[in-house]
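Secondary and tertiary structure notes
Residue-level listing of the chains:
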Amino acid sequence: MSRIAFLYPGQGAQEVGMAGDFYEKSEEAKAVFDQASSILDFDVREICFQKNDLLDKTEYTQVAMVTACLAITRELEKRGLYPEMTAGLSLGEYCAIAAAGSMSDMDAVRTVRARGIFMEHAAPEGTGAMAAVLGMDGEAVERTVHDLQGVFIANYNCPGQIVITGEKEAVEQSAAVLKEAGARRVLPLKVSGPFHSPMMKPAGEKLEEVLKKVSVKDPDIPYVTNVTAEVVKSGEAIKELLVRQVSSSVRWEQSMRAMIAQGIDTFVEIGPGKTLSGFMKKTDKNVNMYRISTWEEAETVCGELLKQ
C-alpha cells in the first residue's frame with residue numbers, strides 16, 4: 001500500500017477558474033466555497049471563478065487559494081482518499097493544518113484572510129523584493145548572503161532553486177554577488193512584498209493576536225512545518241510556528257526529505273499549478289508524484305490510488 005501525503009501550493013500558483021469544476025460537481029466543494037463567501041467581506045467565488053484584478057493581490061490571493069484547495073480536499077476525502085501526512089508551502093500550510101484536523105476549514109479561511117491583509121501592508125510598497133537564485137545550493141547561498149545587509153533566504157524550494165527576500169535595493173544588488181559566487185541566474189519575482197523576511201515581523205505580531213482566538217488542536221495525522229521541516233504534534237506549537245513562519249525561511253526541500261525519511265512514497269499536490277511537482281522532480285525522482293487541480297485529475301488519481 002502506498003503511504004500518501006497531501007501537499008498544498010503557495011501564492012503564485014493561483015489562476016482564474018481554480019476549482020470551478022469542483023464547485024459545480026461536488027456538494028462538499030460547493031459547501032466550502034459557499035461557507036467561505038458567507039463569512040468573508042467579499043464573495044470568494046467571484047475572485048476564484050471570474051476574471052478580475054484582485055486575484056493577484058496578496059490579501060485576496062491567500063484566502064482564495066486556501067478556499068479552493070480545501071474544497072478539492074473535501075471532495076477527495078468523500079471519495080475515500082486520505083493522507084497519512086500533510087505539508088503546505090507558505091500559505092499552503094493552512095490547508096495542510098486543516099487537512100490534518102488541527103483547524104476547521106472556516107477558521108483557516110478567516111485566519112488566512114487576516115494574514116493576507118497583514119502581509120500586504122507590513123512593508124511600504126516598493127521597499128521590498130524577492131528573487132529566485134538558480135543553479136546554486138542552499139548552503140552556498142547562505143554563505144554568500146550572510147554578509148549582505150538586508151538580504152535573507154525566503155525559500156529552500158529544491159536543489160538548485162533558492163528564493164531570496166528583503167530590502168529592494170539590497171536584493172537587486174545581491175544578484176551580481178550571487179552570480180559571481182556561482183549562481184546560474186538570479187530572477188526577480190513579481191511579488192507585492194518581501195515575504196518570509198524580518199520585514200514581515202509586524203504582520204506576524206498582528207497574526208499572533210488573531211491566532212489567540214482560533215481553536216487549534218493537536219493534529220490527527222502528522223503535519224510538517226515550514227519553519228523547522230519537522231513534524232508538529234501540538235496545537236500550541238502550531239500557533240507559535242505560524243507566527244514565526246511569516247518572517248522565517250520556508251524549508252520546503254528539507255520538509256520533503258523529512259517526509260520521505262518517514263516512509264511517505266506517494267505525494268499528491270492539491271490545487272492549481274504544478275510548482276510542487278516540479279520541486280519534487282529535482283528533490284527525489286524515486287517517489288510517486290500526482291497532481292489534482294481539475295475534476296478529471298481527481299477521477300484519474302483517485303481511481304489509481306484507491307484501487308491499490
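A few points on the structure. The model shown is predicted, which means the values in this text are computed figures rather than measured ones.

Topic: the packing of helix α4 (residues 58-79) against helix α5 (residues 92-99)
Geometrically, a packed helix pair is captured by the angle between its two axes and the distance between the axes. Put simply, α4 and α5 touch, their axes get as near as 9 Å, and they point 30° apart. Between α4 and α5, the interaxial angle falls into the category roughly parallel. Classified by chirality, the crossing of α5 by α4 is right-handed. Contacts between α4 and α5 involve V66, C69, L70, T73, R74 and E77 on the former and, on the latter, Y94, C95, A98 and A99.

Points about unusual backbone geometry
For residues besides glycine, phi is generally negative; the peptide bonds are generally trans as well. A positive phi angle, close to 55°, is found at H196, a residue other than glycine. Mapped onto the elements, H196 comes out in the loop between β6 (185-188) and α9 (201-211). Look at H196 and you get buried, because its relative accessible area is 4%. Positive phi outside glycine occurs at A229, with the angle close to 60°. Positionally, A229 belongs in the loop between β7 (223-224) and β8 (231-232).

Observations regarding the packing of aromatic side chains
Counted according to the given criterion, the structure contains 5 aromatic pairs. Seen from their ring centres, F33 and F49 are 5.0 Å apart, and the 55° between their planes marks the pair as tilted. Remark: F49 occurs in helix α3 (residues 44-49) and F33 occurs in helix α2 (residues 27-39); sequence separation between them is 16 residues. Classification of F49 as partly exposed rests on a relative accessible area of 25%. Seen from their ring centres, F42 and Y60 are 5.0 Å apart, and the 75° between their planes marks the pair as edge-to-face. Remark: Y60 occurs in helix α4 and F42 occurs in the loop between α2 and α3; sequence separation between them is 18 residues. Between the NZ or CZ atom of R113 and the centre of the ring of Y60, over which it lies, the distance is 4.9 Å.

Let's talk about the pairing of strand β10 (residues 288-292)
Pairing of strand β9 (residues 266-270) with β10, which is carried by 5 bridges, proceeds in the parallel orientation. Residue pairing across strands places E269 opposite R291, the latter belonging to β10.

Observations concerning the side chain of Q161
With respect to the helices, strands and loops of the structure, Q161 is situated in strand β5 (residues 161-167). Classification of Q161 as buried rests on a relative accessible area of 16%.

Calculation notes
- Residues numbered from 1 in each chain as written.
- Predicted model: local features only at pLDDT ≥ 70, side-chain atom pairs only at ≥ 80, totals over all residues.
- Heavy atoms only, no water.
- Axes fitted to C-alpha atoms, helices over the stretch in contact; angles between N-to-C directions.
- Helix = DSSP H or I, 4+ residues; strand = E, 2+ residues; numbered from the N terminus.
- Parallel < 35°, antiparallel > 145°, perpendicular 65-115°, else oblique.
- Left-handed = near helix turned anticlockwise from the far one by under 90°.
- Contact = heavy atoms within 4.5 Å.
- Buried < 20%, exposed > 50% of the residue type's maximum accessible area, 1.4 Å probe, protein only.
- Phe/Tyr/Trp six-rings, centres within 6.5 Å; stacked < 30°, edge-to-face > 60°.
- Lys NZ or Arg CZ within 6 Å of the ring centre and 35° of its normal.
- Pairing = 2+ DSSP bridges.

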